[in-house]
Amino acid sequence: VPLIISDVKTSCGCTVADFPKQPVGSGAKGTITVTFDAKSPGYFSKTVTVYSNSQEGLTKLYIKGVVVK
């Protein structure tokens, strides 16, 4: 059964996600690209929620880091 990613939601407007709009077949690869606009120095923690036809239905990805000036 191919993986179908129906939507990807980010926790704020400073984070943008791009994902495959076509089904990802068994054994194939798909890439979700997440871009974070690091305007301010300091610690950040963002959540990206992936909605798909997987058994779980949704998967949360966590992005954490420190922006250094």
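Just so you know, these numbers come straight off a predicted model, no measurement behind them. Within every chain, residues take consecutive numbers counted from 1 along the sequence as written. Whole-chain, interface and lining totals are the exception, using all residues; otherwise, since this is a predicted model, local features are given only for residues with pLDDT of at least 70 and side-chain atom pairs are given and counted only at 80 or more. Side-chain figures throughout are based on the complete set of non-hydrogen atoms in the structure, without hydrogens or water.

## Some details on the packing of aromatic side chains
Applied cut-off: Here the aromatic set is Phe, Tyr and Trp, taking the six-membered ring for Trp, and pairing holds for ring centres within 6.5 Å; pairs whose planes are under 30 degrees apart are stacked, those over 60 apart are edge-to-face, and all others are tilted. Definition used: whenever NZ (Lys) or CZ (Arg) falls within 6 Å of the ring centre and also within 35 degrees of the ring normal, the charge is taken to sit over that ring.
A complete count under the given rule lists 1 aromatic pair for this structure. Ring centres of Phe36 and Phe44 lie 4.2 Å apart, and the angle between their planes is 25 degrees; this geometry places the pair in the stacked category. Across from the ring centre of Phe19, 4.0 Å away, lies the NZ or CZ of Lys21, which sits over that ring.

## Side note on the environment of Ser11
Put simply, the test is: Secondary structure elements are taken from DSSP: a helix is a run of H or I of four residues or more, a strand is a run of E of two residues or more, and numbering for both begins at the N terminus. The buried label applies to any residue whose accessible area, calculated with a 1.4 Å probe on protein chains only, is under 20% of its type's maximum; exposed applies above 50%, and partly exposed to all values in between. Note on contacts: a residue pair qualifies if any of its non-hydrogen atoms lie within 4.5 Å across the two residues.
Residue position: Ser11 is located in the loop between strand E1 (5-10) and strand E2 (15-18). The exposure class assigned to Ser11 is partly exposed, which follows from its relative accessible area of 44%. Once the C-alpha coordinates of Ser11 and Thr47 are considered, the two residues, 36 residues apart in sequence, prove to be 5.3 Å apart. Ignoring sequence-local partners within four residues, the contact set of Ser11 consists of Lys46 and Thr47.

## What to know about the environment of Ile63
Locating Ile63 in the fold gives a position in strand E5 (residues 58-67). A residue is classified by how much of its surface remains accessible, and Ile63, at 29% relative accessible area, is partly exposed. For the pair Ile63 and Asp18, spaced 45 residues apart in sequence, the C-alpha to C-alpha distance is 15 Å. If near-sequence neighbours (up to four positions away) are discounted, Ile63 is found in contact with Val34, Phe44, Ser45, Lys46 and Val48.

## Side note on the pairing of strand E4 (residues 42-52)
For clarity, the threshold we go by: Strand pairing is assigned whenever DSSP detects at least two bridges linking the two strands.
Bridging between E1 and E4 involves 5 bridges; their strand directions are antiparallel. By the bridge assignment for E4, Lys9 is matched with Thr49. Summarising the sheet, E4 and E5 pair through 10 bridges and their orientation is antiparallel. Residue pairing for E5: Tyr43 is matched across the bridge by Val66. Where E4 folds back onto E5 in an antiparallel hairpin, the turn is made up of 5 residues, including Gly57, whose phi is positive at roughly 85 degrees.

## Here we look at a nonpolar patch on the surface
The condition that has to hold: Without a salt bridge and with relative accessible area above 30%, a residue can belong to a patch; like charges are then joined within 9 Å and nonpolar side chains (Val, Leu, Ile, Met, Phe, Trp, Tyr) within 5 Å. In short, Shrake-Rupley with a 1.4 Å probe defines the accessible areas, and a residue's cover is counted only from the protein chains shown. Any carboxyl oxygen of Asp or Glu within 4 Å of a side-chain nitrogen of Lys or Arg constitutes a salt bridge here.
Nonpolar side chains collect at one region of the surface, where Tyr43, Val66 and Val68 lie side by side and expose about 370 Å² of accessible area between them. Looking at the secondary structure, you find Tyr43 in strand E4. Looking at Tyr43, the relative accessible area reads 58%, which means it is exposed.

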